[in-house]
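An overview of the molecular structure
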There are 2 protein chains.
Amino acid sequence: MAYVPTHKRHTHLPPGPAYAPPDLDPTRPMSEGGSPRPAKRRREHDGPGPGSGAGARASAPRNGAHPGAVTMDTPIVPSIFGVTARNEFTEHVGNFIMANCRGRRDVEIEIKLGTLHAANGPHRVRLPSLTELILPADYPRGQFASTLTKHNHKWLNEVLNQQVQASVGGEYPLRYKRVRQVDEFHRTRAGKVRVSREMEPGGKAGKVVAVVRKNRLGDLNVVSPNQAFDWRISCNVEEPVDIDVDQLGEAESSRQKDRLCYEHQLCQVDLTAVTPRDRAAQPGPMSFELEVEVRDAPALIAEGEKDAAGQPNRFEEMLQSILDTVRILVKNADPQ
Amino acid sequence: MAYVPTHKRHTHLPPGPAYAPPDLDPTRPMSEGGSPRPAKRRREHDGPGPGSGAGARASAPRNGAHPGAVTMDTPIVPSIFGVTARNEFTEHVGNFIMANCRGRRDVEIEIKLGTLHAANGPHRVRLPSLTELILPADYPRGQFASTLTKHNHKWLNEVLNQQVQASVGGEYPLRYKRVRQVDEFHRTRAGKVRVSREMEPGGKAGKVVAVVRKNRLGDLNVVSPNQAFDWRISCNVEEPVDIDVDQLGEAESSRQKDRLCYEHQLCQVDLTAVTPRDRAAQPGPMSFELEVEVRDAPALIAEGEKDAAGQPNRFEEMLQSILDTVRILVKNADPQ
């Protein structure tokens, strides 16, 4: 099995998210330490602040040093304007989501890890950038391969299991559940329909859990030149289909999904081993995927609506949390 | 004169930094409002946190809604790992500064606005990215033109003057001083030497204020496809030269600088009108520049040293503030 039990750790495990300081003790449980309560910083688009000057009355620079002297206690003013700059990456993602999802029902927002191929071959897109970027929609590119290696999959499994352990007892623990399903695809007059069933022991398809028609609304491709993986943000409609599944006949194709769902506050990380099956139910080669799905897309879109209307909202903060989840996963996907 | 007096505002002035919400009242003084005290968020490289679960004990989700339900009061966990992702852009800038400046004296770190030209002509570099990026050093490109138009210059002058007013009375007010200097360049056996003198009425060169030899250590080019300007981060050594200026003879070239220095906590924004002079002291066409200079480069590098040693430090936070200053200026440079 590709899944490694939570408590079975290898000696070569990463001690946690990348970029931990060198003095990190991997045996120290992650639930110790100072208050991690995320605090709100003023941002550029929160509107005019009290000016940078009023920003830091609580603590004066020490020793009569020049005003730029910074100690560990000095509040650092976020800019000469007293506010942080709006993050244009997050802003683009927000605009993309709102442009695609606004006013729609049954929306699904997901981010997949993978590699973005060049137009002329199976190698990765290479662009003159040292930092992550959002690719324009008209850039001539090849396919996005949303597959991990078995090795990456296992590694991410360990990282996630470790975080499950570390977050036990908190208010937003990372919880996981295992889902085994068989998806069957049928071509009908209403389009391509996916019938998902519980997988019974032996890989047999059991009770129907969902019948949906999935339509892609839009993709946003993120090239991450420093990392082993790029990522793709997708908006889809997953529309329930009211159909008698017994009338559907034989499926065109099917796949078995063995999935660990890691559920958190805003998103769910699905780490899936997929085994395709042909009509004779013969298994093809297993593939591995990781996707981050927004748990409550309508709630996110509602915050985006407030943002568009100039009302107080959490849209950007929620997006930032979801994107940072993806970034930390990408950084930790490759043990090298 | 290019400079507009602080209190002389035009009716078409921007109400403040871009992206203010639509309900912004430009007549409301910016020194009112809630506390803008910048608060520290846990970041990925701050080391292992208490896990995402323990992050938000102070406030439970309301109404028994699912754990993803977010109200205006709900703390949003920065990621499923309970920490934010390290910003790779800021990290690159930090690495660049440390690689160039570590162990050196008389270091100057500055960021200039301008346009990065393509290798094959005077037009701007265009890359397939919707977001800002750091260009690799080996990318074939043309020159970086660190000039603004008179129009941009005037606009930024207004934006900065407005912030001077808005921050009066706070602990970190934005203060400005006007500096008029004449720079003379001499080629000597010790290399190219710049002699800076106070500019006396009528444009005459007066008392010597600095004699330096400037050596470029390195440049980092930032392409900002959504904005009117790109930017360049430069590390230089500005080494004082012990030389008898009266022995230098006639200068190779000279320029008059009429500069407004806006001083803040970590950086100083210099908005400069430059008039070149030929040997016969005839003025050439005036050009306009904006640069953001780190006020205390040794202090910044000292924080970088702590970061490299795994000690608590403010390096990234200081860099973030400086970079956000540049970003907000870039966004506000172009009135269109």
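Residues numbered from 1 in each chain as written. Chains lettered and ligands numbered in written order. Predicted model: local features only at pLDDT ≥ 70, side-chain atom pairs only at ≥ 80, totals over all residues. Heavy atoms only, no water.

Description of the overall build of chain A
From N to C terminus, chain A includes 4 helices and 10 strands. Helices and strands appear in chain A in the N-to-C order α-β-β-β-α-β-β-β-β-β-β-β-α-α. When burial is assessed residue by residue, chain A has 57% of its 336 residues classed as buried. Of the contacts formed within chain A by residues at least 6 apart in sequence, a portion of 66% connects residues at least 24 apart. (Helix = DSSP H or I, 4+ residues; strand = E, 2+ residues; numbered from the N terminus. Buried < 20%, exposed > 50% of the residue type's maximum accessible area, 1.4 Å probe, protein only. Contact = heavy atoms within 4.5 Å.)

Quick word on the pairing of strand E10 (residues 287-294) of chain A
All names here are of chain A. A large share of E10 lies buried, amounting to 6 of its 8 residues. The pairing of strand E1 (residues 107-118) with E10 spans 3 bridges and is classified as antiparallel. Note on E10: the bridge partner recorded for Lys112 is Glu291. When strand E9 (residues 267-277) meets E10, the two strands line up antiparallel, connected through 8 bridges. Note that in E10 the partner of Leu271 across the bridge is Leu290. (Pairing = 2+ DSSP bridges.)

Concerning helix H3 (residues 297-308) of chain B
Along an α-helix, a turn takes 3.6 residues, which lines up residues three or four apart on a common side. Residues and elements named next belong to chain B. The end-to-end C-alpha separation of H3 is 16 Å, in line with the 16 Å expected for 12 residues at 1.5 Å each. Taken together, the buried positions of H3 are occupied by Ala297, Leu300, Ile301, Glu303 and Gly304. End-on view of H3: buried residues confined to an arc of 155°, all on one side of the axis. In this structure, the buried side of H3 is in contact with helix H1 (88-101), strand E1 (107-118), strand E10 (287-294) and helix H4 (315-333). Looking one or two residues beyond H3, the residue adopting positive phi is Gly310, at roughly 75°. (Expected span 1.5 Å × (residues − 1). Arc of directions from axis to C-beta.)

Thoughts on the packing of aromatic side chains
On inspection of all chains with the given rule, the structure shows 4 aromatic pairs over all chains. Between Phe89 of chain A and Trp231 of chain A, the ring centres sit 5.8 Å apart and the planes meet at 50°, which makes this aromatic pair tilted. Placement of Phe89 of chain A in helix H1 (residues 88-101) and of Trp231 of chain A in strand E7 (residues 230-240) is noted, with a sequence separation of 142 residues between them. The exposure class assigned to Phe89 of chain A is buried, which follows from its relative accessible area of 6%. Judged by centre distance (5.8 Å) and plane angle (40°), the rings of Tyr176 of chain B and Tyr262 of chain B are tilted. (Phe/Tyr/Trp six-rings, centres within 6.5 Å; stacked < 30°, edge-to-face > 60°.)

With respect to the packing of H3 of chain B against H4 of chain B
All names here are of chain B. H4 packs onto H3 with a crossing angle of 135° between their chain directions and a minimal axis gap of 8 Å. Here H4 runs oblique to H3, going by the angle between their axes. Contacts from Leu300, Glu303, Gly304 and Asp307 in H3 reach Phe315, Met318 and Leu319 in H4. A per-class count over the contact of H3 with H4 returns 4 nonpolar, 1 polar and 2 charged. (Axes fitted to C-alpha atoms, helices over the stretch in contact; angles between N-to-C directions. Parallel < 35°, antiparallel > 145°, perpendicular 65-115°, else oblique. Nonpolar A, V, L, I, M, F, W, Y, C, P; charged D, E, K, R; others polar.)

Focus on unusual backbone geometry
Even without glycine at this site, Asp106 of chain A takes up a positive phi of about 55°. The residue Asp106 of chain A is located in the loop between H1 and E1 in this model.

Observations regarding the packing of H1 of chain A against helix H4 (residues 315-333) of chain A
All names here are of chain A. At a closest axis distance of 10 Å, the pairing of H1 and H4 adopts a crossing angle of 105°. Our classification of the angle between H1 and H4 gives roughly perpendicular. Counted together, Phe89, Thr90, Val93, Gly94, Ile97 and Met98 of H1 and Phe315, Glu316, Leu319, Gln320, Leu323 and Arg327 of H4 form the full contact between these two elements. Looking at the contact of H1 with H4 residue by residue, the class counts come to 7 nonpolar, 3 polar and 2 charged.

Some remarks on the environment of Ala228 of chain B
All names here are of chain B. For Ala228, the location among the structural elements is in the loop between strand E6 (205-223) and strand E7 (230-240). When the C-alpha atoms of Ala228 and Leu113 are compared, they prove to be 9.5 Å apart, with 115 residues separating the residues in sequence. Dropping the residues within four chain positions of it, Ala228 is found in contact with Thr115, Arg124 and Asp334.

Observations concerning the confidence of the model for chain A
All names here are of chain A. The predicted model of chain A has a mean per-residue pLDDT of 81, with 79% of residues at 70 or higher. Segment residues 1-40: pLDDT under 50, and 90 contacts once partners within four positions in sequence are set aside and those in other chains are kept. Segment residues 47-65: pLDDT under 50, and 59 contacts once partners within four positions in sequence are set aside and those in other chains are kept. (pLDDT = per-residue confidence, 0-100.)

So, the pattern of salt bridges
Tallying each qualifying case throughout the model produces 50 salt bridges over all chains. Across the salt bridge formed by Lys306 of chain A and Glu303 of chain A, the nearest N and O atoms sit 2.7 Å from each other. In this pair, Lys306 of chain A and Glu303 of chain A both sit in helix H3 (residues 297-308), 3 residues apart, roughly one turn of the helix. Lys306 of chain A sits in the partly exposed class, given a relative accessible area of 27%. Note that Glu252 of chain B and Arg187 of chain B form a salt bridge whose closest N and O atoms lie 3.3 Å from each other. Of this pair, Glu252 of chain B sits in the loop between E7 and strand E8 (253-263) while Arg187 of chain B sits in strand E4 (residues 175-188), and the two are 65 residues apart along the sequence. Salt bridges linked by common partners bring Glu108, Glu110, Lys112, Arg194, Lys214, Glu238 and Glu291 of chain A together as one network. (Salt bridge = Lys/Arg side-chain N within 4 Å of Asp/Glu carboxyl O.)

So, the side chain of Arg213 of chain A
Residue and element names in this part refer to chain A. Among the structural elements, Arg213 can be located in strand E6 (residues 205-223). Using a relative accessible area of 18% as the deciding quantity, one classes Arg213 as buried. A polar contact is formed between the side chain of Arg213 and the backbone oxygen of Ala190, at a distance of 2.6 Å. Leave out the neighbours within four places in its chain, and Arg213 touches Ala190, Gly191, Lys192, Val237, Glu238, Glu239 and Val241. (Polar contact = N/O pair within 3.5 Å; in protein donor to acceptor, adjacent residues only side chain to side chain.)

Overview of H1 of chain A
Residue and element names in this part refer to chain A. The end-to-end C-alpha distance of H1, which contains 14 residues, comes to 20 Å, matching closely the 20 Å that a straight helix rising 1.5 Å per residue would cover. Buried residues dominate H1, accounting for 11 of its 14 residues. Within H1, burial applies to Glu88, Phe89, Thr90, Glu91, Val93, Gly94, Phe96, Ile97, Met98, Asn100 and Cys101. Where H1 is buried, its residues contact E1, strand E2 (133-134), E6, E7, H3 and H4. Where H1 begins, the side chain of Asn87 points an oxygen toward the backbone nitrogen of Phe89, at a separation of 2.9 Å.

Observations regarding the pairing of E1 of chain B
All names here are of chain B. Judged by how many residues are buried, E1 sits mostly within the fold: 12 of 12 residues are covered. Relative to E7, E1 runs antiparallel, the two being bridged by 8 bridges. Along E7, the bridge assignment pairs Leu113 with Trp231. With 3 bridges connecting them, E1 and strand E3 (residues 141-145) associate as antiparallel partners. Across the sheet, Ala118 pairs through a bridge with Arg141, a residue of E3.

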